[in-house]
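If you want the building blocks of each chain, they are given just below.
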Amino acid sequence: MDKFTTLTGVAAPLPIRNVDTDMIIPKQFLKTIQRSGLGKSLFYEMRFDQQGTEIADFVLNKPAYRDAKILVAGDNFGCGSSREHAPWALLDFGIRCVIATDFADIFYNNCFQNGILPIKLPQDDVDKLMDDAERGANATMTIDLETQEIRGPDGGVIKFEIDAFKKHCLMNGLDNIGLTLEKSDQIAAYEEKAATARPWL
């Protein structure tokens, strides 16, 4: 998993409440177990019409936001089913940070397991960042995980809270597998000892 330390990029506004995981990545795209390739189907039913043609007024189809790295979203983002394909699709599109007042618990934790930083903020701060994000190509923000700060296009700073362990994992690129592999020497030593003590196993 890629480390997350600082991120600077365009922030796209998505002021929609209760965006569920089926909106993020519709069920017909869940046949794969590959983490790559899902970005083209992100928000598919919002980005494309029934003929597969882009819907011009959807935010991520607008030229200013095609390379967005940050999403400023409405309340209860990522609700619905627990599909891990949702953060996979966001990450494959290029989005590394989602900012909202609240997230569904499973989606929130899945983000950390896939190198995405979900930031919870009070409504007033989200409103301010949503307003900044509506500036199009000028909606550049910097997310500094070490200092836990969001710096807006006008130089304003908003602080955010994050669990210390989740912060450590993101900054060091550690998912659950990575955390386990950090103990590989101890695991190998245990296995060697167990093999000697119980050779019949």
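So, here's what we can say about the structure. (Residues numbered from 1 in each chain as written. Predicted model: local features only at pLDDT ≥ 70, side-chain atom pairs only at ≥ 80, totals over all residues. Heavy atoms only, no water.)

1. Details of the overall build of the chain
Step number 1: Tallying secondary structure elements over the chain gives 8 helices and 7 strands in all.
Step number 2: Each of the three principal axes of the chain carries a C-alpha extent, and together these read 65 × 40 × 25 Å.
Step number 3: Counting over 201 residues, the chain shows a buried share of 46%.
Step number 4: Once local pairs closer than 6 in sequence are excluded, the contacts in the chain between residues at least 24 apart make up 65%.
Step number 5: Accessible surface computed for the chain: about 10,600 Å², of which carbon and sulfur atoms make up 51%.
Step number 6: Positive and negative charge centroids in the chain, built from 22 and 30 side chains respectively, lie 4 Å apart. (Helix = DSSP H or I, 4+ residues; strand = E, 2+ residues; numbered from the N terminus. Buried < 20%, exposed > 50% of the residue type's maximum accessible area, 1.4 Å probe, protein only. Contact = heavy atoms within 4.5 Å. Areas by Shrake-Rupley, 256 points an atom, 1.4 Å probe, with all protein chains shown as cover. Lys, Arg positive; Asp, Glu negative; His and termini not counted. Charge placed at Lys NZ, Arg CZ, Asp CG, Glu CD.)

2. Remarks on the packing of aromatic side chains
Step number 1: Tallying each qualifying case throughout the model produces 8 aromatic pairs.
Step number 2: Ring centres 5.5 Å apart and planes at 70° place the aromatic pair Phe 77 and Phe 107 in the edge-to-face group. With Phe 77 in the loop between β2 (70-73) and α3 (85-93) and Phe 107 in helix α4 (residues 105-113), this residue pair connects regions lying 30 residues apart in the sequence.
Step number 3: Assessed through its relative accessible area of 0%, Phe 77 is described here as buried.
Step number 4: When the ring of Tyr 108 is compared with that of Phe 112, the centres are 5.1 Å apart and the planes differ by 80°; the resulting orientation is edge-to-face. Placement of both Tyr 108 and Phe 112 in helix α4 is noted, with a separation of 4 residues, approximately one turn of the helix.
Step number 5: Residue classification places Phe 112 among the buried residues on the basis of a relative accessible area of 5%.
Step number 6: Counting every residue linked through ring pairs, the aromatic cluster contains Phe 77, Phe 103, Phe 107, Tyr 108 and Phe 112.
Step number 7: Across the ring face of Tyr 108, the terminal group of Lys 120 is positioned such that the distance to the ring centre comes to 4.3 Å.
Step number 8: Over the face of the ring belonging to Phe 112 we find Lys 166, whose NZ or CZ atom lies 5.7 Å from the ring centre. (Phe/Tyr/Trp six-rings, centres within 6.5 Å; stacked < 30°, edge-to-face > 60°. Lys NZ or Arg CZ within 6 Å of the ring centre and 35° of its normal.)

3. Considerations on the pattern of salt bridges
Step number 1: Under the criterion given, the structure shown has 10 salt bridges.
Step number 2: Across the pair Arg 17 and Asp 75 runs a salt bridge, and its minimum N-O distance is 3.7 Å. Taken as a pair, Arg 17 in the loop between β1 (6-14) and α1 (21-24) and Asp 75 in the loop between β2 and α3 lie far apart in primary sequence, 58 residues in all.
Step number 3: For Arg 17, a relative accessible area of 54% puts it in the exposed group.
Step number 4: Here Asp 132 ties to Arg 135 by a salt bridge, and the two come within 3.6 Å at their closest N and O atoms.
Step number 5: Members of the salt-bridge network, linked through shared partners, are Lys 128, Asp 132, Arg 135 and Asp 154. (Salt bridge = Lys/Arg side-chain N within 4 Å of Asp/Glu carboxyl O.)

Read these as layout, nothing more, since geometry by itself doesn't imply function.
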